[in-house]
Number of protein chains: 2
Amino acid sequence: MKNEFEWIRSISPGFHYHKEVITGIGDDAAVVREKAGYDTVLAVDTMVEDVHFTKETMPLKAIGRKALAVNVSDLAAMGAVPLYFIVSIAVPKSGWTQEEIGEIYSGMKGLAEKYPMDLIGGDTVSIKEKLVISVTVTGRVEKDRALLRSSAEPGDLLFLTGKIGYAAAGLDRLLKEGKQAWDDEDPFIQAHQSPDPHVKYGRGFVESGKRIAANDVSDGAAHESKEIAEASGVDVNIEWEKLPEVDRFAFLSDEKQEEWLLRGGEDFCLIGTASPKTCAELEERNLPLYIIGSVAEGKGRVWLERSGRRSELLGGGYTHF
Amino acid sequence: MKNEFEWIRSISPGFHYHKEVITGIGDDAAVVREKAGYDTVLAVDTMVEDVHFTKETMPLKAIGRKALAVNVSDLAAMGAVPLYFIVSIAVPKSGWTQEEIGEIYSGMKGLAEKYPMDLIGGDTVSIKEKLVISVTVTGRVEKDRALLRSSAEPGDLLFLTGKIGYAAAGLDRLLKEGKQAWDDEDPFIQAHQSPDPHVKYGRGFVESGKRIAANDVSDGAAHESKEIAEASGVDVNIEWEKLPEVDRFAFLSDEKQEEWLLRGGEDFCLIGTASPKTCAELEERNLPLYIIGSVAEGKGRVWLERSGRRSELLGGGYTHF
């Protein structure tokens, strides 16, 4: 196979969207120029074959697209404009063709064109068994305006910018049915295979100039609420009946419903808190929210109100291992 | 095992060396502030168990230290000051204990203290078989002063900032003898296990204000020379007898000598070119160089002069796959 630079060059566009790229791929490291008045935001996320995807659960392009999307979602949760990405890929010595790896890159490229983002570096290594894709992204946000999870205050409303439980439902079907379940029109399958990062919301929140706490729902609404509660020193209350389309999951056991909706993870919308006044203003700015609960004085706990009972959600959501 | 943030927090110092870290570990992404007048330099390198290291070839701390060092070396080759790093680690479901992973982090931390660099983010995922560590680093270099491989000109001298062939020699012994070969005093073993990035040289080159082309020797002197030759549109001549301590490898066959010294890779000193006048000035600045050849007009080729013969080095050095 080609060496890493020839390889990465061969799948890169011959230009950069951002003139601030001084040196992209092809030297020891990339060099970029920052814009005055902005902070730099960085995140990394890794996807591993047979843990986060298989060739049965995901089309190749979707694997690449999602590897970038989950990182862009982290930028969205900070309110940043996505700018650059770096890809490190460990390719198994057998079982993967160069064409298949090309498909993965082409999926990344598709999403990158949207924002747009420049691929500015990478590393290609070999591995014995399973494919590993690690993507690092950077973006920028106006100085001191990053959306922090420590900004929640008692009296705030808890909101979602999208639906939850969809990705878990999609994965469940994909694990049971494999490729037969692939369906470009099925919102559950699409939520797992082709999540859309909520950059529009993140940027809208920053541009509003208001105090807003935000996380993306990558590790499940319970876990992400817990992080906001702990970082802000407040308690967060989730009202079950207010969760979007909760009836859609009524065919499941109560336990399974809570697993998919609250601990499922991989729903890449944002969860956050803001004052009722700010929430109303955001709606006016064409950023519709699902209000699903509220913030009270407390000490970092998350409560679930359901069927007249109030219970503390312990431990949070999805953890790796 | 703990979730990723608890885990990363548990091995992080409770402070940042750099006050420009606005948000480190613990939110969706890190936020850092750039300094006016500087460009940002970014690189990523991945190390895979059984490809780049095994528990037989490397002590655990050395695995972590090297995963960071190879990235810092890329920053050095650009002349940048190392600042931040982000770690993505895929931990096998069996065969690795939490304590062992802790040792790896502790090796990174040791090197990070030296520069100093702040750990500002990360991702921990599980994998079925083999450990994968992917490190992203960022640094800064004075605006427009990054050391590019495209700066070589006819009449330049070709130099090394350290010895080559050592890492290949060390790895050869480690693959044959395993842990028995571990020796903190053996320069070959140390070159493989604990490479020192040449940050002092990279910074010295930038501070000199002179035109200097540079690469690190990570993929072998032949390959790195080829990259300089191609990027600069010149030919590069390597004189075998001028390679540092070349006699030390005389016990090997000619072919093996060239493999270790020119195509071995993983020697993390710098290779570069500068005018004879600049080379003399660098020596005066306490940056001693091994002059190993010269640059001539040409079209991106690398020549080796040895025993009265001149041959073109094709293909370059180590390529992955």
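All of these numbers come straight from a predicted model, not from anything done at the bench.

(A) View of the interface of chain B and chain A. Taken residue by residue, the interface counts 63 residues in chain B and 63 residues in chain A. Between the two partners, chain B and chain A, sit ten salt bridges. For the salt bridge of Lys128(B) with Asp50(A), the shortest nitrogen-to-oxygen distance reads 3.8 Å. Along the contact surface separating chain B from chain A lie 19 residue pairs in polar contact (both at pLDDT 80 or more). It is strand β3 (residues 38-48) of chain B that contributes the most residues to the side of chain B that touches chain A, nine residues altogether. Looking at the side of chain B that touches chain A residue by residue, the class counts come to 27 nonpolar, 17 polar and 19 charged. As paired strands, strand β2 (residues 30-33) of chain A and β3(B) are joined by four bridges and run antiparallel to one another. Across the sheet, residue Val31(A) finds its bridge partner in β3(B), namely Val41(B).

(B) Structural view of the packing of aromatic side chains. Residues and elements named next belong to chain A. This structure, assessed with the given rule, holds twelve aromatic pairs over all chains. These aromatic residues form a ring-pair network of at least three members: Tyr166, Phe188, Phe249 and Trp260. Against the face of tryptophan 240 rests arginine 306, its NZ or CZ located 3.9 Å from the ring centre.

(C) A look at the pattern of salt bridges. Overall, the coordinates contain 54 salt bridges over all chains when judged by the stated rule. Asp39(A) is the salt-bridge partner of Arg33(B), the closest N and O atoms lying 2.7 Å from each other. Taken as a pair, Arg33(B) in strand β2 (residues 30-33) and Asp39(A) in strand β3 (residues 38-48) lie in two separate chains rather than in one. The class of Asp39(A) is buried, set by a relative accessible area of 2%. With a closest N to O distance of 3.1 Å, Asp235(B) and Arg301(B) form a salt bridge. Separated by 66 residues along the polypeptide, Asp235(B) in strand β9 (residues 234-239) and Arg301(B) in the loop between β11 (290-297) and β12 (302-306) bring together distant segments of the chain. The network of salt bridges with shared partners includes Asp27(A), Asp28(A), Arg149(B) and Glu227(B).

(D) Up close: the pairing of strand β5 (residues 118-127) of chain B. All names here are of chain B. Counted residue by residue, β5 has ten buried out of ten residues, so it is predominantly covered. Of the strand pairs in this sheet, strand β4 (residues 81-92) and β5 are connected by nine bridges, and their pairing is parallel. The residue of β5 that forms the bridge with alanine 90 is valine 125. Since β4 and β5 lie parallel, the crossover through helix α3 (residues 98-114) that links them has a hand, and here it is right-handed.

(E) Representation of the relation of the copies chain B and chain A within the structure. The transformation that overlays chain B on chain A combines an axial shift of 0.0 Å with a rotation of 180 degrees, and the residual RMSD is 0.0 Å. On the angle and the small slide along the axis, the relation comes out as a two-fold axis. A shared binding surface is used by both copies, with 100% of the interface residues of chain B retained as interface residues in chain A.

(F) Region of interest: the nonpolar core. Membership of the largest hydrophobic core comes to 54 residues, with the highest contact counts inside it found for Leu68(A), Phe85(A), Ile133(A) and Phe205(A). Put simply, the parts of the chain that give this core at least two residues each are β3, α2 (60-78), β4 (81-92), α3 (98-114), β6 (132-142), α6 (199-208), β10 (270-274) and α9 (276-284) of chain A. Among the elements that line this core, the one with the most residues is α2(A), at eleven residues. Ranked by size, the runner-up nonpolar core spans 53 residues in total, among them Met47(B), Leu68(B), Val137(B) and Val206(B).

(G) Geometry of the packing of α2(A) against α3(A). Residue and element names in this part refer to chain A. The interhelical angle for the contact between α2 and α3, taken along N-to-C directions, is 45 degrees, at an axis separation of 6 Å. In terms of their interaxial angle, α2 and α3 are classed as oblique. Both α2 and α3 take part in a crossing whose hand is right-handed. Contacts from Leu60, Lys61, Ile63, Gly64, Arg65, Leu68 and Ala69 in α2 reach Glu100, Glu103, Ile104, Ser106, Gly107, Met108, Leu111 and Ala112 in α3. Here the contact of α2 with α3 is built from residues that sort into eight nonpolar, three polar and four charged.

(H) Representation of the environment of Ile25(A) within the structure. All names here are of chain A. The residue isoleucine 25 is located in the loop between β1 (21-23) and β2 in this model. A relative accessible area of 19% places isoleucine 25 in the buried class. Expressed as a C-alpha distance, the spacing of isoleucine 25 and tyrosine 105, which sit 80 residues apart in the sequence, is 15 Å.

(I) Local environment of the sheet that holds β2(A). On the basis of which strands lie adjacent, the open sheet formed by six strands has the order β1(A)-β2(A)-β3(B)-β6(B)-β4(B)-β5(B) and mixed pairing. Edge positions in the sheet fall to β1 of chain A together with β5 of chain B, since each has one partner strand and no second. This sheet shows a mean twist of 20 degrees between the axes of neighbouring strands, independent of strand direction. Each of β4 and β6 (132-142) of chain B is contacted by helix α6 (residues 199-208) of chain B, which is oriented at about 25 degrees to β6(B), the strand it contacts most.

(J) Focus on helix α2 (residues 60-78) of chain B. Look at α2(B): 28 Å from first C-alpha to last across 19 residues, which is about the 27 Å you get at 1.5 Å a residue. Immediately downstream of α2(B), the backbone of Gly79(B) shows phi near 80 degrees, a positive value.

The rules behind the values
- Position numbers for residues start from 1 in each chain and track the written sequence from start to end.
- All chains are assigned letters beginning at A, and all ligands numbers beginning at 1, according to the order in which they are written.
- A pLDDT threshold of at least 70 governs which residues receive local features in this predicted model, and a stricter bar of 80 or more applies before side-chain atom pairs are shown or counted, although totals over entire chains, interfaces and linings include all residues.
- To obtain the side-chain values, all non-hydrogen atoms of the structure were used and water was disregarded.
- Whether two residues touch is decided by their heavy atoms; if any such pair falls within 4.5 Å, the residues are in contact.
- Between Lys or Arg on one side and Asp or Glu on the other, a salt bridge is scored when a side-chain nitrogen of the former is within 4 Å of a carboxyl oxygen of the latter.
- Polar contact is defined as a pair of N or O atoms within 3.5 Å, subject to the rule that within protein one atom must be able to donate a hydrogen and the other to accept it, and that residues adjacent in sequence are counted only when both atoms are side-chain atoms.
- By the criteria applied, helices consist of DSSP H or I runs no shorter than four residues and strands consist of E runs no shorter than two, each listed in order from the N terminus.
- Three categories are distinguished: nonpolar for Ala, Val, Leu, Ile, Met, Phe, Trp, Tyr, Cys and Pro, charged for Asp, Glu, Lys and Arg, and polar for the others, with Gly belonging to the last.
- Note: two strands are recorded as paired if DSSP finds a minimum of 2 bridges between them.
- What counts as a ring pair is set by centres within 6.5 Å for rings of Phe, Tyr and Trp (its six-membered ring), and what kind of pair is set by the plane angle: stacked under 30 degrees, edge-to-face over 60, tilted for all other angles.
- Working rule: Lys NZ or Arg CZ, within 6 Å of ring centre, within 35 degrees of ring normal, means a charge sits over the ring.
- Burial classes: relative accessible area under 20% of the type maximum marks a residue as buried, over 50% as exposed, and values in between as partly exposed (1.4 Å probe, protein chains only).
- If you view a crossover with the strands going away from you and the path from the first strand over the helix to the second runs clockwise, you call it right-handed.
- C-alpha atoms of residues with pLDDT of at least 70 in both copies form the basis for the least-squares superposition of the copies.
- By convention a nonpolar core is built from buried Ala, Val, Leu, Ile, Met, Phe, Trp, Tyr and Cys residues, the set being connected through side-chain atoms within 4.5 Å.
- Axis geometry follows a simple rule: fit a line to the C-alpha atoms, using only the stretch in contact for helices, then measure angles between N-to-C directions, giving values from 0 to 180 degrees.
- In what follows, roughly perpendicular refers to angles from 65 to 115 degrees, roughly parallel to angles under 35, roughly antiparallel to angles over 145, and oblique to any angle outside these ranges.
- Should the near helix be turned anticlockwise from the far one by less than a right angle, the crossing is termed left-handed; should it be turned clockwise, right-handed.
- For a helix, the expected span equals 1.5 Å multiplied by the number of residues minus one.

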